[in-house]
Structures are given as structure tokens and as C-alpha cells.
Amino acid sequence: MADFVDLRSDTVTRPTAGMREAMATAEVGDDVYGEDPTVNALEAEAAALFGHEAALFAPSGSMTNQIALQLLVSPGDEVLADADAHVVTYEIGAAAAYGGISSRTWPAVGADVDPEQVARMIRPDGYFAVPTRAIAVEQTYGRGGGVIPLATLRELRGVADDAGVATHCDGARIWHAHVADGVPLVEYGRLFDTLSVCLSKGLGAPVGSLVVGSAEKIERARMIRKRMGGGMRQAGILAAAGRYALAHHIDRLADDHARAARLAEAVAPFGVLASPVRTNIVALDLTKHDLDARALAAAARAEGVLVSVLGPRTARLVTHLGLDDADIDRAVAALPRALAAA
């Protein structure tokens, strides 16, 4: 893919030279025994960033999301989420398959969550109804990159507290929200009982996510991780990449945001922007012009640009660590031609 400008996802990055050096020199031990010092340091650093007691390193964000849901929701009970939320739409039914967890969704609205609507959905115990145990939100919103405002998240926390239910944040790209809105990570942390935060999307690590929460929850999480096959041995080699990412790759996300804004400006005349661009994701709604997303992807590929197809009339462009200004120049020139050809 070296000849292409790859805008499919921020998961396509490769470790930087500094990250590779950190991995090569990492001190390691057996993490299943809790003896890998680099993993332990990563977990402590991540927990501190969000103001929580503990964190647990795992291979993927899907695993840390599902661990968190199992911590909060017992088998047979339910979690509420957006209809397009990753935890219920893009994890192949894991909540039901592994946790026996039911889910119910509000309409897909991206970052425009209505706390009052969520409050009306909460079911209490009794009458043989499925009781609500948790509310899950995605920050940022993966399909469009939208940032849920801090005020909305505070309202949702109030709704949860009033109903006696827990809150979970799928924070795969919470780093982007932090940079875009200037909200301290610890401020996000205090609004959620558990968070799942990803190191291999915007931060550019090759592997890994963390579930963040209380010490008691993370002790239970360690058992769930093992049950799900997520226990790793000398995982410090991977954790070192995560530590490097936390130290060096958060502030630079502003560059990705600026480059995404340039892409949005290039395609805006075609009337295909699905929503305002706030972070590193440019969501394209091709419905108005009856454009086929696969046709657009093929036309863009012929121009040397790779885009992600999310549906028959939906596409997505994502900027990331692996792109520079020259790549964006190429994409800015190519995408209008691809849209015209599609």
C-alpha cells in the first residue's frame, strides 16, 4: 500500500522509529503473573491519566469494551447505547455471546445524544422486564468523528446516577476529543465507571487497548481477560509501544485534525459532508447525489487514494500518524476527481 494515500482508518499506521526503539529495549516479564514491569507501568500511567485506580492492558478495544460491559452488566440484564455504537454493532454480538448481555439502542445520532431520551429508556427491576444496568457512549463517535460535549456527558452521568445504573465510555478515540475540546482526560474519567481506551488507532501503537476503572473492577477484569484468551506473557514489548504513544503522540493529533479539515474543504463543494469535521474523521453521505460508495472507492483508488466504505451510500476518510502534508495534498487533488467520476 506504499503507493497509496491510505485514508481507510487510523489503524493502518506503522510504529515510528522511536516507538520501535522503545519496544526493542523494553524490560519484560510474565504479565499473566503480573510480573511484566513495562505492562505494569503502562497500566498505572493510563489509570492516572483518567483519575482511576487501575487499568488492564489487553490485545484489542473490542476485548476491553466487552470486559467492561461484563463488569457492569450481569447476564440477562441490558446495556443502552447508540444504534451505531461499536459495542453493539461492530463487535459481532460479543456482549450477548460472551456476557449474556442484552442491548437496546436509541436512534443513531452520533454525538448529538439526548440525555432525556436515554432517561426514558431506562428500565427498573420488576415485572419480568430486562433491567437496565449500564449506559454506553462512544467518544469520539467512530462513524463520524463527532465529539459528545462535556455538558451532555455530565447530564448522562446525572441520569445514570438518578437511576442507579453504571456508565461506560468506549474511548477508542477519546484522545481526539481531549485535543479537540481541551477537556482534561481526568474530567472524562470521573464521568464513567469504566473506560476502554485504544492505543492502536490515533496514537499509532501496533497493538493494544486498556480497560480503566476501580481497583476492584480491574481485579475482576483480569479474570475475564484470561477467560476470553487475552492473557499475554512478555507483553512489555507491546506495552512499550503504548507508553511511547502516550508520551509522544497525543498532542500531535491536532495535526490530524487540521489535515482532516483540509480534506473536508476539498469535498465540501460536492455536498457530501455528513457532519461538521471536528477531529480526524471525515464522514461522507452520498445519498443526496445518489452516489455509490463502492464506485467512489474504486474511483479514488484509481487516483491513488484509499477510502473506507461503511454502507451503500456512506464512506469515511480518516487522517492519522502515517500521513503527512504531501499525502494530504495528493488526496485533496484526487478526491474531487473521484467524486466527479463516481
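Here, every reference points to the structure presented above.
Residues numbered from 1 in each chain as written. Predicted model: local features only at pLDDT ≥ 70, side-chain atom pairs only at ≥ 80, totals over all residues. Heavy atoms only, no water.

### Digging into the sheet that holds strand β4 (residues 102-106)
Applicable threshold: Two strands qualify as a pair provided that DSSP identifies no fewer than 2 bridges between them. The helix count covers DSSP runs of H or I at least four residues long, the strand count covers runs of E at least two residues long, and both are numbered beginning at the N terminus. Only the contacting stretch of a helix is used when fitting its axis, a line to C-alpha atoms as for every element, and angles between N-to-C directions run 0 to 180 degrees. Two residues qualify as a contact provided that any one of their heavy atoms is within 4.5 Å of a heavy atom in the partner residue.
Spatially, β2-β8-β7-β6-β5-β3-β4 is the arrangement adopted by the seven strands of the open sheet, whose pairing is mixed. With one partner strand each, in any of the chains shown, β2 (54-58) and β4 form the two edges of the open sheet. Here the strands of the sheet are splayed against their neighbours by 20 degrees on average, with no regard to which way each runs. When strand β7 (residues 194-198) meets strand β8 (residues 209-213), the two strands line up antiparallel, connected through four bridges. Of the residues in β8, the one forming a bridge with V197 is L210. Lying on the sheet, helix α8 (residues 174-181) is in contact with β6 (166-171) and β7; it crosses β7 at an angle near 90 degrees.

### Structural notes on the nonpolar core
How we decide: The definition of a nonpolar core used throughout is a set of buried Ala, Val, Leu, Ile, Met, Phe, Trp, Tyr and Cys residues joined through side-chain atoms within 4.5 Å. In this scheme, a residue with accessible area under 20% of its type's maximum is buried, one over 50% is exposed, and one in between is partly exposed, where area comes from a 1.4 Å probe on protein chains only.
Counting residues in each nonpolar core, the largest one holds 50 residues, and the members touching the most others are F57, I174 and W175. If you tally residues by element for this core, the top one is helix α7 (residues 150-163), at five residues. Sequence-distant contacts of W175, that is, excluding residues within four places in its chain, are made with L49, F50, L185, V197, C198, L203, L246, I250 and L253. Counting residues in each nonpolar core, the second largest holds 27 residues, with A260, L286, A293 and L323 among its members.

### So, helix α13 (residues 293-302)
Because each turn of an α-helix spans 3.6 residues, side chains separated by three or four positions end up pointing in the same direction. As a reminder, the rule being used: Here, the arc refers to the directions that run from the helix axis to the C-beta atoms. Under the rule applied, a polar contact is a pair of N or O atoms within 3.5 Å (in protein, one hydrogen donor and one hydrogen acceptor; residues adjacent in sequence only if both atoms are side-chain atoms).
Inspection of α13 places A293, L296, A297, A299 and A300 among the buried residues, and these make up the whole buried set. Buried residues of α13, viewed axially, fall in a sector of 165 degrees; they line one side. Along α13, the residues that are exposed and aim more than 90 degrees away from the buried face are R294 and A302. Residues of α13 that are buried make contact with β9 (281-285), β10 (305-306), β11 (308-311), β12 (314-318) and α14 (325-341). Residue D292 occupies the N-cap position of α13, its side-chain oxygen lying 3.0 Å from the main-chain nitrogen of R294. Following α13 by one or two positions, G304 has its phi on the positive side, about 90 degrees.

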